[in-house]
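Topology and contacts: notes
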Amino acid sequence: MISALRPSRFMPPGHNRIDVSFEFFPPKDEAMEKTLWESITRLAPLAPQFVSVTYGAGGSTRERTHATVKRILAETALTPAAHLTCVAATREEIDSIVRNYHDAGVRHIVALRGDPISGAGDKYTPHPGGYENAADLVAGIKRIAPDIEVSVSAYPERHPDSPTVEADIDMLKRKVDAGATRAMTQFFFENDLYFRYLDRVRARGIDIPIVPGILPVQNFGAARNFATRAGATVPAWLAERFAGLDHDPATRKLIAAAVAAEQAIDLLDRGVTTFHFYTMNRADLVYAICHLLGLRPQVQQAA
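Rules used throughout
Residues numbered from 1 in each chain as written. Predicted model: local features only at pLDDT ≥ 70, side-chain atom pairs only at ≥ 80, totals over all residues. Heavy atoms only, no water. Helix = DSSP H or I, 4+ residues; strand = E, 2+ residues; numbered from the N terminus. Core = buried A, V, L, I, M, F, W, Y, C linked by side-chain atoms within 4.5 Å. Buried < 20%, exposed > 50% of the residue type's maximum accessible area, 1.4 Å probe, protein only. Salt bridge = Lys/Arg side-chain N within 4 Å of Asp/Glu carboxyl O. Phe/Tyr/Trp six-rings, centres within 6.5 Å; stacked < 30°, edge-to-face > 60°. Lys NZ or Arg CZ within 6 Å of the ring centre and 35° of its normal. Expected span 1.5 Å × (residues − 1). Arc of directions from axis to C-beta. Contact = heavy atoms within 4.5 Å. Axes fitted to C-alpha atoms, helices over the stretch in contact; angles between N-to-C directions. Parallel < 35°, antiparallel > 145°, perpendicular 65-115°, else oblique. Left-handed = near helix turned anticlockwise from the far one by under 90°. Nonpolar A, V, L, I, M, F, W, Y, C, P; charged D, E, K, R; others polar. Pairing = 2+ DSSP bridges.

Describing the environment of alanine 258
- Within the element layout of this structure, alanine 258 appears in helix α9 (residues 249-269).
- As for alanine 258 and leucine 285, which are separated by 27 residues in sequence, their C-alpha atoms are 9.5 Å apart.

Here we look at the nonpolar core
- Formed by 67 residues in total, the largest nonpolar core has its most connected members in Phe22, Ile210, Phe275 and Phe277.
- Counting residues in each nonpolar core, the second largest holds 14 residues, with Leu215, Ala223, Ala232 and Phe242 among its members.

Some thoughts on the pattern of salt bridges
- Tallying each qualifying case throughout the model produces 15 salt bridges.
- Between aspartate 284 and lysine 253 there is a salt bridge, and its shortest N-O distance comes to 2.8 Å. Here lysine 253 lies in helix α9 and aspartate 284 lies in helix α10 (residues 284-292), a separation of 31 residues in the sequence.
- Lysine 253 gets classed as partly exposed once you look at its relative accessible area, which sits at 47%.
- Members of the salt-bridge network, linked through shared partners, are Glu33, Arg71 and Glu75.

Some thoughts on the packing of aromatic side chains
- This model, assessed by the stated rule, comprises seven aromatic pairs.
- Ring plane angle 70 degrees and centroid distance 5.1 Å describe the contact between tyrosine 194 and phenylalanine 195, whose orientation is recorded as edge-to-face.
- Classification of tyrosine 194 by relative accessible area gives buried; the value is 4%.
- Judged by its relative accessible area of 16%, phenylalanine 195 falls in the buried class.
- Between phenylalanine 220 and phenylalanine 242, the aromatic rings sit 5.2 Å apart at their centres with planes inclined by 10 degrees, giving stacked as the arrangement. Remark: phenylalanine 242 occurs in helix α8 (residues 236-242) and phenylalanine 220 occurs in helix α7 (residues 220-230); sequence separation between them is 22 residues.
- For phenylalanine 220, a relative accessible area of 10% corresponds to the buried category.
- Its end group placed over the ring of tyrosine 287, arginine 42 keeps NZ or CZ at 3.7 Å from the ring centre.

Side note on helix α5 (residues 165-178)
- Its 14 residues give α5 an end-to-end C-alpha distance of 20 Å, which sits within 8% of 20 Å, the value for a rise of 1.5 Å per residue.
- Buried within α5 we find Val165, Asp168, Ile169, Leu172, Lys175 and Val176. End-on, the buried residues of α5 take up no more than an arc of 110 degrees, which puts them together on one face.
- Buried residues along α5 sit in contact with α4 (134-144), β5 (149-154), β6 (182-185), α6 (191-203) and β7 (210-211).
- Just downstream of α5, glycine 179 is the residue with a positive phi angle, here 130 degrees.

What about the packing of α9 against α10?
- Running from amino to carboxyl end, α9 crosses α10 at an angle of 40 degrees, the nearest separation of the two axes being 10 Å. As summarised for this structure, α9 and α10 are arranged oblique, according to the angle between their axes. Crossing hand, α9 versus α10: right-handed. Touching Lys253, Ala256, Ala257, Ala260, Ala261, Ala264 and Ile265 of α9 are Asp284, Leu285, Ile289 and Leu292, all from α10.
- When its residues are assigned to classes, the contact of α9 with α10 shows nine nonpolar, no polar and two charged.

Considerations on the packing of α4 against α5
- Following both chains from N to C, one finds α4 and α5 inclined at 5 degrees, their axes separated by 8 Å at the closest point. With respect to α5, the element α4 is oriented roughly parallel. Across the interface between the two elements, Ala134, Ala135, Asp136, Val138, Ala139 and Lys142 of α4 pack against Met171, Arg174, Lys175 and Ala178 of α5.
- Looking at the contact of α4 with α5, its residues break down into six nonpolar, no polar and four charged.

Points about the sheet that holds strand β9 (residues 274-278)
- What the nine strands build is an open sheet, ordered β7-β6-β5-β4-β3-β2-β1-β9-β8; its pairing is parallel. Edge positions in the sheet fall to β7 and β8 (213-214), since each has one partner strand and no second.
- Where β6 lies against β7, two bridges are found, and the strand directions are parallel. Its bridge partner lying in β7, alanine 183 is registered against isoleucine 210.

Considering unusual backbone geometry
- Positive phi, close to 55 degrees, is recorded for alanine 47, a residue that is not glycine.
- Positionally, alanine 47 belongs in the loop between α1 (30-43) and β2 (51-53).
- According to the relative accessible area criterion, alanine 47 is partly exposed, its value standing at 46%.
- One non-glycine residue, alanine 88, adopts positive backbone phi at about 55 degrees.
- Looking at the element boundaries, alanine 88 is found in the loop between β3 (80-85) and α3 (91-104).
- Classification of alanine 88 as partly exposed rests on a relative accessible area of 28%.

If you want it as structure tokens, here you go:
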């Protein structure tokens, strides 16, 4: 029996027909900062469309985001996208952050409602005098700085606070109408979830790119806890693949690479050419997956 041709196996070397973006989080200490910048240095030659930096509502976390974004601007050729949320701030405070980013040269913001300060899963209450939701935040950003590109989130399995997927898509439509031009999905492990969601989004007339968010599983226990809070399903087959490996990190890493590669290559074979990777500030698995997808380091031309 002859199997169907897989496009991922029949592409010329160096074709670079995929686009990627990478998400990082700001470091909390010197050791984490070292790991972060080693990862940025490792992934930068792949020439991502942009690299995003997550954002916390607390003052110190917020400042670490700002510092990381500004260092990326100053020390690399990468395009940073700063995350911004509605949490724990007035409109005036958020507007000031947008202006500061714009003045620093940032031209891309990932606008999110954000989780309650008490943590994901708790009831969200808008800050008095703040932006109510991500659609309002997008409109505020575009009002202040029309030249800033705004990306937003999308949820193939429904945001935990939404009653239905349709309500989620209603909110995505509002974000697009307010000026968002790209959406990155929450991570998922079953690709059919993404394609079913994409069909529903397109049926609503939403035509912006809906970029699949890929989470290479560095630590299965942590990923499962994260998925529970985010409303993402962890299929039984995935749990089975990591079963019995709690004390076998070498095999666990090989399994993690195989699982992520299988997902990404299947997406590529089904026509997806743009990927957003949740790196968890680790470059090894992400770099390997990008290589399997055909992405190669960009050679710098001599002056």
